[in-house]
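# Structural features, examined
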Amino acid sequence: MNRFALAVSSAIARVTESALGPYQTAVIRIGFSATWLLFLLREFPHRQELYGPDGPWDFDLAQQLIGTNGSFTALMWFGGGIWFETVYLFAVLTGVLLLVGWRTRAMSVLFMVGVLSLQNRSIFMGDGGDNVLHLMCVYLVFTRCGQVWSLDERRARRAREARARGERVAPDRVGPALWSVFGFVLVAVTAAGRLDGDLTVPLILWISWPAAAVWWIVGRRARTAEPRILLDVIGNVVHNGALLVIMAEACLIYATAGWYKIQGSRWQDGTAVYYPLHLDYFSPWPALADVLTSSGTMIMLITYGTVLVQVAFPFTLFNRRVKNVLLAAMITEHAVIAVVLGLPFFSLAMIAADAVFLPTSFLRRLGDLAARARGRLAGLVRRGDDPVKPPAPRSPENPEHAHVGSSA
């Protein structure tokens, strides 16, 4: 009984004392924001046809759909091209800022607004990766995804170093300004009745806004450490719960996909992979597809291997070595899908979801390599900017030059 109580207390302490998986959540933040940003930039010339007024799914059809399912989308607040361009650029901007980790608490919420606004406007656009992104953008709101590899982490580190040197740190003015502007927009939109429908997104917005104010006030006005500790505990519990949901979601995606494949006759006879490789829509490199399908044995191994990895992966989470092997296999599989089938954004979304299971030691080494590469690049740039100094003139005052002259 004492061992059980000790195990429970240590588990509770682990969940409440720290936000687990800081590197994993950072990779998820970077991965999904980069996936969304690259998609928006690639489709920028076609944005009007995909989500705007020039598409086959016009404004009236979208209104009927939103009236039926109550989904959140800011594109339905106003009509016209100017509002669409504003929302589209807003989605691009929030993707960039979340990618670099600038004000991640606010940007994760605004990133969710941008993703849902475009995706819920035209629900038939996407290749499967949009469904994963749709879910993960909501989960990211509840994570502390800016603990590492972010501008927020760098700003907090510099503030700590300045305090340690006894320097005065300037008060944060950007955070309250952002809170005021977007709070005003939230109140105005709610008062205008634009948030009618499903309550999930409005509830998240209305919880996040006052929570940010409470966090800021307690962090700067509390006279004792207890209120800050309490908020840290709440934030850690919410973060760890969201991280668990992300892991469970990734496992469900693979488990359901694998078990549905088992029921298909083409997957049972080992030929399922052959057919999509010969569809024009999924064959950006026909010659490469022909090479892969030239061997029936290879097709059978890829087909059965795909099902085996997807079904087995959730059961390998308790064995680190086997889990890492299958994780590498799945990431490789998605990379191949991105190239061979021409589905880069689906593959990027799935790789970003898989990143939640990457080992912390591997991510730290990856971060160290990136930091060293960045340092070397910065050093090369600095050396390239330094002007070449001309040699000093020979003079009796310069002993080195005088010696050279005498020996000549």
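These numbers were taken from a predicted model, which means no experiment stands behind them. Every residue gets a number counted from 1 within its own chain, in the order that chain's sequence is written. The predicted origin of the model limits local features to residues at a pLDDT of at least 70 and limits the giving and counting of side-chain atom pairs to 80 or more, whereas totals for whole chains, interfaces and linings rest on all residues. Just so you know, side-chain values use all the structure's heavy atoms and leave hydrogens and water out.

## Some remarks on the pattern of salt bridges
The working definition used for a salt bridge is a side-chain nitrogen of Lys or Arg within 4 Å of a carboxyl oxygen of Asp or Glu. Counted according to the given criterion, the structure contains eight salt bridges. Of the charged contacts, one joins Asp172 and Arg103 as a salt bridge, the two residues approaching to 2.8 Å between their closest N and O atoms. Here Asp172 is found in the loop between helix 8 (151-164) and helix 9 (174-191), whereas its partner Arg103 is found in the loop between helix 5 (81-100) and helix 6 (104-119), with 69 residues between them in sequence. When its relative accessible area of 21% is taken as the criterion, Asp172 is described as partly exposed. Put simply, Arg157 and Glu153 hold a salt bridge, and the shortest N to O gap is 3.1 Å. In this pair, Arg157 and Glu153 both sit in helix 8, four residues apart, roughly one turn of the helix. Only protein chains enter the accessibility calculation, which uses a 1.4 Å probe. A residue is then buried if its area is under 20% of the maximum for its type, exposed if over 50%, and partly exposed in between. Under the relative-accessibility criterion, Arg157 is labelled partly exposed at 30%. Overall, the relative accessible area of 23% leaves Glu153 in the partly exposed class. The secondary structure listing takes helices from DSSP runs of H or I that are at least 4 residues long and strands from runs of E that are at least 2 residues long, numbered from the N terminus.

## Here we look at the packing of helix 5 against helix 6
Lines fitted to C-alpha atoms define the axes, with helix axes restricted to the stretch in contact, and inter-axis angles between N-to-C directions lie between 0 and 180 degrees. Running from N to C, helix 5 and helix 6 cross one another at 140 degrees; their axes reach a closest spacing of 8 Å. In terms of axis orientation, helix 5 runs oblique to helix 6. Two packed elements cross with a definite hand, and for helix 5 against helix 6 that hand is left-handed. On helix 6, the residues touching Phe84, Val87, Tyr88, Phe90, Ala91, Thr94, Gly95, Leu97 and Leu98 of helix 5 are Thr104, Met107, Ser108, Leu110, Phe111, Val113, Gly114, Ser117 and Leu118. Gly is put with the polar residues, along with every residue not named as nonpolar or charged; the nonpolar set is Ala, Val, Leu, Ile, Met, Phe, Trp, Tyr, Cys and Pro, and the charged set is Asp, Glu, Lys and Arg. Here the contact of helix 5 with helix 6 is built from residues that sort into twelve nonpolar, six polar and no charged. Put simply, angles under 35 degrees are roughly parallel, angles over 145 are roughly antiparallel, angles from 65 to 115 are roughly perpendicular, and the rest are oblique. Note on convention: the crossing is left-handed when the near helix lies turned anticlockwise from the far helix by less than a right angle, right-handed when the turn is clockwise. By the convention used here, residues are in contact when the closest approach between their heavy atoms is within 4.5 Å.

## Remarks on the packing of aromatic side chains
Both the distance between ring centres and the angle between the ring planes are used here to describe each pair of aromatic rings. Two aromatic rings from Phe, Tyr or Trp, using only the six-membered ring of Trp, form a pair when their centres are within 6.5 Å; if the ring planes differ by under 30 degrees the pair is stacked, by over 60 it is edge-to-face, and anything between is tilted. Under the counting rule described, the total for this entry stands at 15 aromatic pairs. Taken together, a centroid distance of 4.9 Å and an interplanar angle of 85 degrees make the contact between Tyr281 and Phe282 edge-to-face. For Tyr281, a relative accessible area of 72% puts it in the exposed group. For Phe282, a relative accessible area of 24% translates into the label partly exposed. Measuring from ring centre to ring centre gives 5.2 Å for Phe313 and Phe357, while their planes differ by 80 degrees; the resulting arrangement is edge-to-face. Taken together, the residues span a long stretch of sequence, with Phe313 in the loop between helix 14 (296-312) and helix 15 (320-340) and Phe357 in the loop between helix 16 (344-354) and helix 17 (360-385) at a distance of 44 residues. Looking at Phe313, the relative accessible area reads 0%, which means it is buried. An aromatic cluster of at least three residues, connected via ring pairs, comprises Phe72, Trp77, Phe78 and Trp83. We call a charge positioned above a ring when the Lys NZ or Arg CZ atom is no farther than 6 Å from the ring centre and deviates by at most 35 degrees from the ring normal. When the ring centre of Trp267 is taken as origin, the NZ or CZ atom of Lys261, which lies over that ring, is 5.2 Å away.

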